[in-house]
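If you want the building blocks of each chain, they are given just below.
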Amino acid sequence: ASLDEFRLTRYRDLEPNPSVVQWLREQGDGIEHVAITKTPLVAAPVVSDWVLRHFGSWIRCFIVVPSPRSSDPAGIRPESKGEVLQRFQGPSLLVDDAQPNLDSLAGTSVVGVRFPRPWNGGGDVGATLSECKAWVASVIDPASA
């Protein structure tokens, strides 16, 4: 409940990670970027506004995986980011901060990279973005891998 309240009242004031913005400026062109978020339906408009306001130069598609709430109708799909990504053709990379979302990739051809955040053990953002850069290079020029 407190996370939902945060999303609805203060999420729009968050600033994006400057390293991610810089990475997109340097590496983001020529790649199709899709935002896939697991959020409650009530917060999806706020989250989509934030994503497109800060990353709209690169992201053109925003997909919601509903984080179920008791007020939602039964059977809402999709149930996982992996389910969404099964629809994609060609090489795909999911960068995510939640291990369950990365685990949902089992049985897909999607490569998953954990984005370090305090709630998932942290880590080196620069190393993660370098891993993403290497993956992009391997897809664009497989001989470079």
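Computed from a predicted model, the values in this text were never measured in an experiment.

A. Looking closely at the pairing of strand β2 (residues 59–66). When strand β1 (residues 33–39) meets β2, the two strands line up parallel, connected through seven bridges. Opposite T39, over in β2, you have P66 as the bridge partner. With helix α3 (residues 44–55) bridging β1 and the parallel β2, this β-α-β connection has right-handed handedness.

B. Here's a closer look at the nonpolar core. Core analysis: the largest hydrophobic core is formed by 20 residues, its most contacted members being W23, L24, V51 and F55. Apart from the residues within four sequence positions on either side, W23 is in contact with G28, H33, L129, C132, K133 and V136.

C. Main features of the side chain of E83. Following the sequence through the fold, E83 ends up in helix α4 (residues 81–85). Since its relative accessible area comes to 17%, E83 is described here as buried. Engagement of the side chain of E83 in a polar contact is seen with the backbone nitrogen of E79, the distance being 2.9 Å. Contacts of E83, omitting those with residues within four sequence positions, involve R77 and P78.

D. Spotlight on the pattern of salt bridges. With the rule as written, the count across this model stands at six salt bridges. Between R53 and D49 there is a salt bridge, with its nearest N and O atoms 3.2 Å apart. Here the residue R53 and the residue D49 both occupy positions in helix α3, the gap between them amounting to four residues, near one helical turn. In this structure, R77 and E83 form a salt bridge, with 2.9 Å as the shortest nitrogen-oxygen distance. By sharing partners, the salt bridges in this structure join D4, R7 and R69 into a single network.

The rules behind these values
- Residues numbered from 1 in each chain as written.
- Predicted model: local features only at pLDDT ≥ 70, side-chain atom pairs only at ≥ 80, totals over all residues.
- Heavy atoms only, no water.
- Pairing = 2+ DSSP bridges.
- Helix = DSSP H or I, 4+ residues; strand = E, 2+ residues; numbered from the N terminus.
- Right-handed = clockwise from strand over helix to strand, strands pointing away.
- Core = buried A, V, L, I, M, F, W, Y, C linked by side-chain atoms within 4.5 Å.
- Buried < 20%, exposed > 50% of the residue type's maximum accessible area, 1.4 Å probe, protein only.
- Contact = heavy atoms within 4.5 Å.
- Polar contact = N/O pair within 3.5 Å; in protein donor to acceptor, adjacent residues only side chain to side chain.
- Salt bridge = Lys/Arg side-chain N within 4 Å of Asp/Glu carboxyl O.

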